[in-house]
Amino acid sequence: QVQLVESGGGSVQPGGSLRLSCAASGIIVSTSTMDWYRQGPGKQRELVARITSARTTYYADSVKGRFTISRDNALNMVYLQMNSLKPEDTAVYYCYTNWNVHDYWGQGTQVIVSS
């Protein structure tokens, strides 16, 4: 059974940093494409960052240069380092993968950026 468990969210002031973690079980992150999505208040869920099995990365324009996606193969974890956070980054952040034609989402972790 595939499980994705996010952690690391919280409240931070503008300009601050947070690192989100996604602990995966039932899949091997090094052989999967792993995504971070977010859903802000009143907004649709959007793709924030992606890392492929070849370590190719993709970032939404709104986070380029500020966010970094990475993974630790030994721990089977995926991370999202978020720097220079802005109020518009406030959202619930979700870890996602498609494995064996099924979609798997974590429960989400809340990020609030406010002064």
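Shown above is the structure to which this text applies.
Residues numbered from 1 in each chain as written. Predicted model: local features only at pLDDT ≥ 70, side-chain atom pairs only at ≥ 80, totals over all residues. Heavy atoms only, no water.

Engineer: When you look at the sheet that holds strand β3 (residues 18–25) in this model, what are you seeing that I'm missing?
Structural biologist: One key point about sheets: their strands pair by backbone hydrogen bonds, in either a parallel or an antiparallel sense. Ordered by their spatial adjacency, four strands build an open sheet running β1-β3-β8-β7, and the pairing between neighbours is antiparallel. With one partner strand each, in any of the chains shown, β1 (3–7) and β7 (67–72) form the two edges of the open sheet. Ignoring which end each strand starts from, the neighbouring axes of this sheet average 15° apart. In this sheet, strand β8 (residues 77–82) lies alongside β3 in antiparallel orientation, the contact comprising six bridges. Bridge pairing links Leu18 to Met82 in β8. (Pairing = 2+ DSSP bridges. Helix = DSSP H or I, 4+ residues; strand = E, 2+ residues; numbered from the N terminus. Axes fitted to C-alpha atoms, helices over the stretch in contact; angles between N-to-C directions.)

Engineer: I would appreciate a short explanation of the environment of Trp99 in the present structure.
Structural biologist: Here Trp99 is to be found in strand β9 (residues 91–99). A sequence separation of 71 residues divides Trp99 from Ile28, and the C-alpha atoms of the two residues are 9.8 Å apart. When sequence neighbours within four positions are dropped, the list of residues in contact with Trp99 reads Val2, Gly26, Ile27, Thr31, Ser32 and Tyr104. (Contact = heavy atoms within 4.5 Å.)

Engineer: What exactly am I supposed to notice about the environment of Tyr93 here?
Structural biologist: Of note, Tyr93 is situated in strand β9. Excluding its chain neighbours within four sequence positions, the residues that come into contact with Tyr93 are Glu6, Leu20, Trp36, Tyr37, Arg38, Val48, Phe67, Leu80, Met82, Gly108, Thr109 and Val111. A distance of 3.0 Å separates the side chain of Tyr93 from the side chain of Arg38, its partner in a polar contact. (Polar contact = N/O pair within 3.5 Å; in protein donor to acceptor, adjacent residues only side chain to side chain.)

Engineer: Explain the pattern of salt bridges to me, please; I cannot follow it from the model alone.
Structural biologist: Pairs may arise between side chains of opposite charge once their charged atoms sit close together. The tally for this structure, following the rule as stated, stands at five salt bridges. Asp35 is paired through a salt bridge with Arg50; the nearest N and O atoms lie 2.7 Å apart. In this pair, Asp35 is assigned in strand β4 (residues 34–39) and Arg50 in strand β5 (residues 46–51), connecting sequence segments 15 residues apart. A salt bridge links Lys64 to Asp61; the nearest nitrogen and oxygen atoms lie 3.1 Å apart. Each of the salt bridges in this network shares a partner with another, and the network as a whole consists of Arg38, Glu46, Arg66 and Asp89. (Salt bridge = Lys/Arg side-chain N within 4 Å of Asp/Glu carboxyl O.)

Engineer: Got a minute to help me understand the nonpolar core in this structure?
Structural biologist: Soluble globular proteins tend to bury their nonpolar side chains together. Trp36, Leu80, Met82 and Tyr93 are the most contacted members of the largest nonpolar core, which totals 28 residues. When residues of this core are traced back to their parent elements, those giving at least two are β3, β4, β5, β7, β8, β9 and β11 (109–113). Ranked by the residues each element gives to this core, the list is headed by β3, at four residues. Aside from chain neighbours lying at most four places away, what touches Leu80 is Leu18, Arg19, Leu20, Trp36, Val48, Ala49, Phe67, Thr68, Ile69 and Tyr93. (Core = buried A, V, L, I, M, F, W, Y, C linked by side-chain atoms within 4.5 Å. Buried < 20%, exposed > 50% of the residue type's maximum accessible area, 1.4 Å probe, protein only.)

Engineer: What's the story with the state of the cysteines in this structure? I'm lost.
Structural biologist: Following the criterion strictly, the structure yields one disulfide and no others. What pairs with Cys22 in a disulfide is Cys95, and their sulfur atoms sit 2.1 Å apart. Taking the torsion about the sulfur-sulfur bond, which here is approximately -80°, the covalent link between Cys22 and Cys95 counts as left-handed. Highlighted residues: Cys22 in strand β3 and Cys95 in strand β9, separated in sequence by 73 residues. For the residue pair Cys22 and Cys95, the accessibility class agrees, reading buried in each case. (Disulfide = S-S within 2.5 Å.)

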